[in-house]
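Residues per chain are reported as follows:
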Amino acid sequence: GAVVSQHPSWVICKSGTSVKIECRSLDFQATTMFWYRQFPKQSLMLMATSNEGSKATYEQGVEKDKFLINHASLTLSTLTVTSAHPEDSSFYICSARDGAGVYEQYFGPGTRLTVT
Amino acid sequence: SQQGEEDPQALSIQEGENATMNCSYKTSINNLQWYRQNSGRGLVHLILIRSNEREKHSGRLRVTLDTSKKSSSLLITASRAADTASYFCATGAITSGTYKYIFGTGTRLKVLA
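All of these numbers come straight from a predicted model, not from anything done at the bench.

Now for the side chain of Q6 of chain A. Residue and element names in this part refer to chain A. Within the secondary structure, Q6 sits in strand β1 (residues 4–7). Judged by its relative accessible area of 9%, Q6 is buried. At a separation of 3.0 Å, a polar atom in the side chain of Q6 contacts the main-chain amide nitrogen of G110. In contact with Q6, not counting residues within four places along its chain, are I21, E22, C23, W35, Y92, I93, C94, G108, P109, G110 and T111.

Listed below in C-alpha cells is the structure:
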C-alpha cells in the first residue's frame, strides 16, 4: 500500500521557537494533503487541507498565521508551528490522497510535539 | 469540526468476548472508515464501507452501515488482548468543495486477558 512518512517522529522545543514538521508521500503523488491534531485521549481534529501549489484551507478556529502549511511539491507538505507554546503540545498527523483516488487517504505515523 | 459521535466512550471486556462500537454522524456521507490507534501511535486502517453498502467483513471485524439512521457499528469477535486500542470512525464527504475525512470521538477498548 501507499506509504506516508513524517519527520521528525517526535520533537521537543522551547516556548517561543518554531518547529517544522514534514509529511512525505513515498510512492505516490499526493495532490491533496491533510493535517490533523490530536490531544491526549481525544480524537483527531482536522486542522487544514492543502493542495499542491495553492494556499491551504484552514478549518474554523485554526490560526493560519500560527500553523503555516506549505505544499510545494506533489510529495511534500510541511507544517510549521510558529512561536510555539506549551498548549501547542500535541500529536500532529498528516494524511495524503493520491490524485487518482477519491476515497483512499493514507496516514502518516504522526509527530509528537512537546513545547517546554 | 467533529462529525461522528461514538459510543461507548470506553469499553472493557474479557478476552474471547465480542466488542461492539457504534458511530453516529450528522450529514450525508460517501463512505465511512474505521481506524485503530494504539496508545501514542499512528492510525491503522481497518475497513472502508461505502454509502451503498450495508455490511462488510474482514477477518474478525464486521462493519455495518445504516445511512437512514446515519450510524455505523464495528464488531470485533473473539477479542484478544492485542485488540486493546482506541477505535475511530471517520466519515468521508465533500465539505466546502473538498473531499475530507472527519473523525469521530473514538472508543477506548480494553481487552482483559
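Residue and element names in this part refer to chain A. On the basis of which strands lie adjacent, the open sheet formed by 4 strands has the order β1-β3-β8-β7 and antiparallel pairing. For this open sheet the edge positions go to β1 and β7 (67–73), each flanked by a neighbour on one side alone. The mean inter-strand angle of the sheet, taken between neighbouring strand axes irrespective of direction, is 15 degrees. In this sheet, strand β8 (residues 76–81) lies alongside β7 in antiparallel orientation, the contact comprising 5 bridges. Its bridge partner being in β8, S73 is matched across the sheet by L76.

Ranked by internal contacts, the top residues of the largest apolar core, which has 24 residues, are W35, F67, L79, Y92 and L113 of chain A. Elements represented by at least two residues in this core include exactly β2 (10–13), β3 (19–25), β4 (30–38), β5 (44–51), β7, β8, β9 (90–98) and β11 (111–115) of chain A. If sequence neighbours within four positions are ignored, F67 of chain A has contacts with R37, M47, Y58, V62, L79, T80, V81, D88 and Y92 of chain A. Residues I29, L32, I47 and L74 of chain B belong to the second largest nonpolar core, which totals 21 residues.

For the rest of this paragraph, the subject is the layout of surface pockets. The space that makes up the largest pocket amounts to roughly 570 Å³. In this structure, the largest pocket is lined by 26 residues; those nearest its centre are K41 and Q42 of chain A together with S39, S86 and R108 of chain B. Sorting the residues of the lining of the largest pocket by element identifies β2 (10–14), β9 (85–95) and β11 (107–112) of chain B as the ones contributing at least two each. Each residue belonging to the lining of the largest pocket can be placed in one class, and the counts come to 8 nonpolar, 13 polar and 5 charged.

Interface size is commonly expressed as the accessible surface area that is lost when the partners come together. Facing 20 residues of chain A, the contacting portion of chain B comprises 23 residues. With both sides pooled, the region where chain A packs onto chain B buries about 1,700 Å², and carbon together with sulfur makes up 55% of that total. At the junction of chain A and chain B, the tally comes to 1 salt bridge. Notably, a salt bridge pairs K100 of chain B with E59 of chain A, separated by 2.6 Å at the nearest N-O pair. Taken together, the connections running from chain A to chain B amount to 5 residue pairs in polar contact (both at pLDDT 80 or more). Going through the elements one at a time, β4, β5, β9 and β10 (105–107) of chain A are the ones with two or more residues in the side of chain A that touches chain B. No other element matches the 4 residues that β5 of chain A contributes to the side of chain A that touches chain B.

How each quantity is defined
- Each chain has its residues counted from 1, following the order in which its sequence is written.
- Here chains are named by letter from A upward and ligands by number from 1 upward, in the order in which they appear as written.
- Since the coordinates come from a predicted model, pLDDT governs what is reported: local features require at least 70, and pairs of side-chain atoms require 80 or more to be given and counted, while whole-chain, interface and lining totals use all residues.
- The basis for every side-chain value is the complete set of heavy atoms in the structure, and neither hydrogens nor water enter the calculation.
- Note on conventions: DSSP H or I runs of at least 4 residues are helices, E runs of at least 2 residues are strands, and numbering of each starts at the N terminus.
- Each residue is assigned to one of three classes by its accessible area relative to the maximum for its type, calculated with a 1.4 Å probe on protein chains only: buried under 20%, partly exposed between the two thresholds, exposed over 50%.
- Each polar contact in these results corresponds to two N or O atoms within 3.5 Å; when the atoms are within protein, one needs to be able to donate a hydrogen and the other to accept it, and residues that are neighboring in sequence are counted only if both atoms are side-chain atoms.
- The criterion used for residue contact is that any of the two residues' heavy atoms lie within 4.5 Å.
- Strand pairing is assigned whenever DSSP identifies at least 2 bridges connecting the two strands.
- Every angle, taken between N-to-C directions, lies between 0 and 180 degrees, and every axis is a line fitted to C-alpha atoms, over only the stretch in contact when it is a helix.
- For the purposes of this section, nonpolar cores are sets of buried Ala, Val, Leu, Ile, Met, Phe, Trp, Tyr and Cys residues that join through side-chain atoms within 4.5 Å.
- Computed over the protein atoms alone on a 1 Å grid, cavities are sets of points where a 1.4 Å probe fits but cannot get out and pockets are open sets with protein on both sides within 12 Å along at least five of seven lines; a residue lines them when it has an atom within 4 Å of a point.
- Grid points are joined across faces, edges and corners, and a volume is the space filled by probe spheres set on the points.
- Under the scheme applied, nonpolar residues are Ala, Val, Leu, Ile, Met, Phe, Trp, Tyr, Cys and Pro; charged residues are Asp, Glu, Lys and Arg; polar residues are all the others, including Gly.
- Buried area: the accessible surface (1.4 Å probe) lost by two parts on joining, summed over both.
- A pairing counts as a salt bridge when a side-chain nitrogen of Lys or Arg comes within 4 Å of a carboxyl oxygen of Asp or Glu.

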